[in-house]
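# A structural walkthrough
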Amino acid sequence: MALDQRLPREERSKVVKMSNRTIYEDLMDLTIALSSERRIETLMARVVEAAMRLSNAEGAAIFTLDRLARHLHRVSFNYRGLTEGSQSEARIAIYGKSLQLNLQEPAAFAVSTATAVNLADINSAAGYDFSNIRQMDKAIGFQTSSLVIAPLIHGDQTIGILQLVNVRDKVTGTVGALPDFLLRPLQSFAAHAAVAIWNTRLLEENQRLIRQLGRQNEELLQENSRLLNKVARKVVKPKGIVGDSPPIERAYGLIARAACSAVPILLRGETGTGKEMMANFIHSSSERSGKPFVAQNCAALPESLLESELFGYVKGAFTGAVANKSGLAHEAHQGTLFLDEIGDMPLSLQAKVLRLLQEGEVRRVGSTKAEYVDVRIVAATNANLEEKIERGEFRKDLFYRLNVFPIVVPPLRERPSDIPKLVNHFLAIAAGNIGRQAPQLSAEALDSLMCWSYPGNVRELRNILERAVLLVDDGQQIGRSHLPAELTGMSGKPAVEMSSTIPDGDLKSIVGQYEALVIEAKLREVNWNQSRAARNLNVSRRTIVEKLQRYDIRRPGSVSRIDLESIES
Ligand SMILES: Nc1ncnc2c1ncn2[C@@H]1O[C@H](COP(=O)(O)OP(=O)(O)OP(=O)(O)O)[C@@H](O)[C@H]1O
């Protein structure tokens, strides 16, 4: 670091009697003090104060370079005890308009050249542009005459400047340049201050990053546990829902996906498949689980009653409306409104349901005022809505709005592997209701139950078992005789039937009968999709096709190979 050679050194008439030993001792004390300072603002204020003491200046300031090294920003200053002032002009551009280094600006010069500037009087110094200094002076009512700038250098990098103004001779009191014997100590002090500023900045940045990381970590942990809760909530099947066959697991999977959003859900499936149970499952898996789940069967009430039940009414709307009454849509606010048998909703009401779906709007019967609720709609139907649209019985717009996320609840005949579990479940409930132990089921009875096509699905199975529990004596096994006749004198039964006694014949034919039974059961489970059945049984599709032909296994309702042969001949 060298003195600005463009300027003549001022010869001092009187040698200041100042002991170098004392200056260095002061510097050492200061350096130790700086190394223990942890807050950047306090550290800089101490540097400014110490620099003023060392040089007997009227003011001192620190400017640091921004990250792009395009500007110096005043970060600390003390001008005759004034430590706050207008910050608007406290910025110095390092580059001029043509993007050339602004070497006329003394601070920019000191930074760009890593050279100290020591001017006895800026009013008579040539080659510099002092407009920044004058502007800053104006903002705080000061007048700079002498100016000393020491660059703050850390390693090979200039990080800012230490600026001193109006350095006064300690003896004469005159303002002038900094005497030579003080310049080196000041530069040494600036170097220590630069290291301290650099380290403290790093420390602060470090601590800020640690705090930021801590906060982000905390947020992530919270988000993680929220998601885990959500997932945990989603995958837990509510008690009472039985079944883990692939088709029903697929439906659970869709429910898990849809539950966390507020999209309307349309549950489709035959009667008795468990659509209402699934609607409950959706609600309890969603974020609305703490709020009401309100269900209404749209086929159960005549049009006018259904309207007032769903949307409420105002006093005097009809005979008997003696007071205002809110509807189920109001009751379900923030929760779920389950509209069962939506296909039977009268056309005139469908428009109101559409408005509820689209805008959350509810209009009570007899009122022109719109109210707004926040409900999630889950609808269910076993009707063919597409056909109803064709016949003009169901609004297309309502269908599209409802059908955003359709979930098909599979019929029981497509998931026979759920039957034994459902049987145990319903036997336990039915026997429990009459204070008995659940009865055992004979192999033939289970066989019959496994082979039935269940047009009434799970509800039908439940009814069959409730009846059987009433028919069987306490301690007796449920046999075929306790089941409805149509089950035991089955039509549409499989090619072979599992029996408790091993059928007659050689080993090959007996194994063949069992093989046919297994293949048929697996095909029913995957809705007669041969590729899927092959995958599940870990055999090729060719093998399945070949065995279907060999055992004459056919999908109910389709024409058998033998039938085809007889037609052809
Ligand atoms: N997976 C299941 N586990 C246990 N019970 C079930 C299951 N699925 C259905 N049920 C029972 O079967 C009966 C019919 O179910 P639910 O009323 O939910 O069917 P649904 O499809 O809504 O019928 P509908 O179309 O006639 O309204 C109920 O008693 C229900 O508890």
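The shown structure was predicted, so the numbers you read here are calculated from the model rather than taken from an experiment. (Residues numbered from 1 in each chain as written. Predicted model: local features only at pLDDT ≥ 70, side-chain atom pairs only at ≥ 80, totals over all residues.)

## So, the overall build of the chain
For clarity, the cut-off: Secondary structure elements follow DSSP: runs of H or I no shorter than four residues count as helices, runs of E no shorter than two count as strands, and numbering proceeds from the N terminus. Think of it as a crowd count around each C-beta: if 20 or more other C-beta atoms lie within 10 Å the residue is buried, if 12 or fewer it is exposed, and in between it is partly exposed, with C-beta placed from the backbone throughout. Here contacts are defined at the residue level, using C-beta atoms placed from the backbone and a cut-off of 7 Å between them.
Each helix and strand counted, the chain has 20 helices and 14 strands in total. Going through the 569 residues of the chain one by one, you find that 32% of them count as buried. Put simply, of all contacts in the chain between residues at least 6 apart along the chain, 69% involve residues at least 24 apart.

## Considering the site of the ligand
To keep it simple, the criterion reads: Each residue gets a C-beta atom placed from its backbone. If that atom is within 6 Å of a molecule or strand, the residue is near it. Domain extents, as shown, originate in an automatic or database domain assignment.
Close contacts around the ligand come from 19 residues, with Val242, Gly274, Lys275, Glu276 and Val458 the closest. Listing elements by their share of the shell around the ligand, those giving two or more residues are helix H7 (275-285) and helix H15 (457-471). When we break the shell around the ligand down by domain, the ones giving at least three residues each are domain 2 (252-409) and domain 3 (414-493).

## Some details on the sheet that holds strand S13 (residues 376-381)
Definition in use: A strand pair is defined by DSSP finding two or more bridges across the two strands. Each axis is a line fitted through C-alpha atoms, taken for helices only over the stretch in contact, and angles between the N-to-C directions span 0 to 180 degrees.
A sheet is described by the order of its strands in space; here five strands give the open sequence S9-S10-S13-S8-S14, paired in parallel fashion. Where the open sheet ends on each side, the last strands, each with one partner, are strand S9 (293-297) and strand S14 (405-408). The mean inter-strand angle of the sheet, taken between neighbouring strand axes irrespective of direction, is 20°. Bridge count for strand S10 (residues 336-340) against S13 is four bridges, and the pairing is parallel.

## Section: helix H10 (residues 347-359)
Threshold: Here a helix's expected span is defined as the number of its residues, less one, multiplied by 1.5 Å. Summarising the geometry, the arc corresponds to the directions from the helix axis toward the C-beta atoms.
Taking 1.5 Å as the rise per residue, H10 with 13 residues should run 18 Å; its terminal C-alpha atoms sit 19 Å apart, in good agreement. Within the sequence span of H10, burial applies to Val353, Leu356 and Leu357. Taken around the axis of H10, the buried residues stretch over an arc of 95°, which confines them to a single face. Turned more than 90 degrees from where H10 packs its buried face, Ser348, Ala351, Gln358 and Glu359 sit exposed.

## Regarding the confidence of the model for the chain
The cut-off we apply is this: Note on scores: pLDDT gives the predictor's confidence for each residue, bounded by 0 and 100.
Scored by pLDDT, the chain has a mean of 83; 87% of the residues are at 70 or more. A low-confidence stretch, residues 1-19 (pLDDT under 50), is modelled with 28 contacts involving residues beyond four sequence positions or located in other chains. Predicted as a complex, the structure gets a pTM of 0.52 and an ipTM equal to 0.98.

## A closer look at unusual backbone geometry
For Glu341, which is not glycine, the phi torsion reads 50° and is therefore positive. Along the chain, the position of Glu341 falls in the loop between S10 and H10.

## Comments concerning the nonpolar core
It is characteristic of soluble globular proteins that their nonpolar side chains tend to be buried jointly. Note the cut-off: By definition, a nonpolar core groups buried Ala, Val, Leu, Ile, Met, Phe, Trp, Tyr and Cys residues that are joined through C-beta atoms within 7 Å.
Counting residues in hydrophobic clusters, the biggest one holds 53 residues, and the most contacted among them are Val47, Ala51, Ile161, Leu162 and Ala193. Ignoring sequence-local partners within four residues, the contact set of Ile161 consists of Phe63, Leu72, Ala107, Ala110, Val111, Ile149, Ala150, Pro151 and Leu152. The next biggest cluster of nonpolar side chains, apart from the first, holds 40 residues, and it includes Ile255, Met278, Met345 and Ala379.

## Some words on the environment of Leu310
Residue position: Leu310 is located in helix H8 (residues 303-311). Along the chain, Leu310 and Ser326 lie 16 residues apart, while their C-alpha atoms are 8.4 Å from each other. With residues near it in sequence (within four places) discarded, Leu310 still touches Gln296, Gly327, Leu328 and Ala329.

## Some points on the environment of Leu254
Mapping Leu254 onto the fold places it in helix H6 (residues 246-259). C-alpha separation for the pair Leu254 and Ile407, spaced 153 residues apart in sequence, amounts to 6.9 Å.

## Side note on the packing of H8 against H10
We count it as follows: Working rule for angles: under 35 degrees goes down as roughly parallel, over 145 as roughly antiparallel, 65 to 115 as roughly perpendicular, anything else as oblique. Here a crossing is called left-handed whenever its near helix is offset anticlockwise from the far helix by less than a right angle, and right-handed whenever the offset is clockwise. Gly is put with the polar residues, along with every residue not named as nonpolar or charged; the nonpolar set is Ala, Val, Leu, Ile, Met, Phe, Trp, Tyr, Cys and Pro, and the charged set is Asp, Glu, Lys and Arg.
H10 packs onto H8 with a crossing angle of 15° between their chain directions and a minimal axis gap of 10 Å. One way to sum up the angle between H8 and H10 is to call them roughly parallel. The chirality of how H8 crosses H10 is left-handed. Of the residues in H10, those in contact with Glu303, Leu306, Glu307 and Phe311 of H8 are Ser348, Leu349 and Lys352. Residues of the contact of H8 with H10, tallied by class, amount to three nonpolar, one polar and three charged.

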